[in-house]
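# Remarks on the overall topology
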Amino acid sequence: QGQLVQSGGGLAQAGDSLRLSCAASGRTFGSYMAWFRQAPGKEREFVASISWSGSYTNVADSVKGRFTISKSNAKDTLYLQIDNLKSEDTAVYFCAASLTYNGQEVAGYLWWGQGTQVTVSS
């Protein structure tokens, strides 16, 4: 049994920074974790993933250099730091966890957060 509870997000201006959080409980934190996002009318897309130890990260080319994934094992919390926000970052962001998968496919992840809206105005 596991649960992911997201916080952060909201309305921001282009060029601002935001940090999203995802608090994990149960088995979900002893897993590979990732962030996805889904813009209106589009499919959910991979943003970044991180290994259990935090030593391995993978960030989508489309956001590399602006998005940083990290985790705090002490707080059982996953983070996504978004810098230099752009209007195309507007989407619902989801955290996800898997026991064995750390790839970019939605279907590979078993647990999901409730989603948090990020809206960027230019």
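The next thing to look at is the overall build of the protein chain. What the protein chain contains, in helices and strands, is zero helices and 11 strands. Ordering the α and β elements of the protein chain from the N terminus gives β-β-β-β-β-β-β-β-β-β-β. Against the compact-globule benchmark of 14 Å for 122 residues, the protein chain has a radius of gyration of 13 Å, which places it among compact chains. Projected onto its principal axes, the C-alpha coordinates of the protein chain cover approximately 40 × 30 × 25 Å. In the protein chain, which comprises 122 residues, the share counted as buried stands at 45%. Expressed as a percentage of contacts within the protein chain between residues at least 6 apart in sequence, the contacts between residues at least 24 apart total 57%.

Going through the model one piece at a time under the given rule, you end up with seven aromatic pairs. For the ring pair Phe36 and Phe46, a centre distance of 5.8 Å and an interplane angle of 80° mean the geometry is edge-to-face. In this pair, Phe36 sits in strand β4 (residues 32-38) while Phe46 sits in strand β5 (residues 45-50), placing the two residues 10 residues apart along the sequence. Classification of Phe36 by relative accessible area gives buried; the value is 0%. With a centroid separation of 5.4 Å and 75° between ring planes, the pair formed by Phe36 and Tyr109 is classed as edge-to-face. Separated by 73 residues along the polypeptide, Phe36 in strand β4 and Tyr109 in the loop between β9 (91-98) and β10 (111-112) bring together distant segments of the chain. Grouping residues by exposure puts Phe36 and Tyr109 together as buried. Through pairs of rings, three or more aromatic residues link up here, namely Phe36, Phe46, Phe94, Tyr101, Tyr109 and Trp112. One residue, Arg44, lies across the ring of Phe94, its end atom 3.6 Å from the ring centre. When the ring centre of Trp112 is taken as reference, the NZ or CZ atom of Arg44 above it lies at 4.9 Å.

A full pass over the atoms with the stated rule returns one disulfide. Between the sulfur atoms of Cys22 and its disulfide partner Cys95 the distance amounts to 2.1 Å. Its S-S torsion of approximately 65° makes the covalent link between Cys22 and Cys95 right-handed. Taken as a pair, Cys22 in strand β3 (residues 18-26) and Cys95 in strand β9 lie far apart in primary sequence, 73 residues in all.

Another aspect to go through is the pairing of β3. In this sheet, β3 lies alongside strand β1 (residues 2-7) in antiparallel orientation, the contact comprising six bridges. For Leu4, the partnering residue across the bridge sits in β3 and is Ala24. Sheet topology places β3 next to strand β8 (residues 77-82); six bridges connect them, and they run antiparallel. Note on β8: the bridge partner recorded for Leu18 is Ile82.

Cut-offs applied
Residues numbered from 1 in each chain as written. Predicted model: local features only at pLDDT ≥ 70, side-chain atom pairs only at ≥ 80, totals over all residues. Heavy atoms only, no water. Helix = DSSP H or I, 4+ residues; strand = E, 2+ residues; numbered from the N terminus. Rg over C-alpha atoms; globule rule 2.2 N^0.38 Å. Buried < 20%, exposed > 50% of the residue type's maximum accessible area, 1.4 Å probe, protein only. Contact = heavy atoms within 4.5 Å. Phe/Tyr/Trp six-rings, centres within 6.5 Å; stacked < 30°, edge-to-face > 60°. Lys NZ or Arg CZ within 6 Å of the ring centre and 35° of its normal. Disulfide = S-S within 2.5 Å. Pairing = 2+ DSSP bridges.

By themselves, these figures tell us nothing about what the structure is for.
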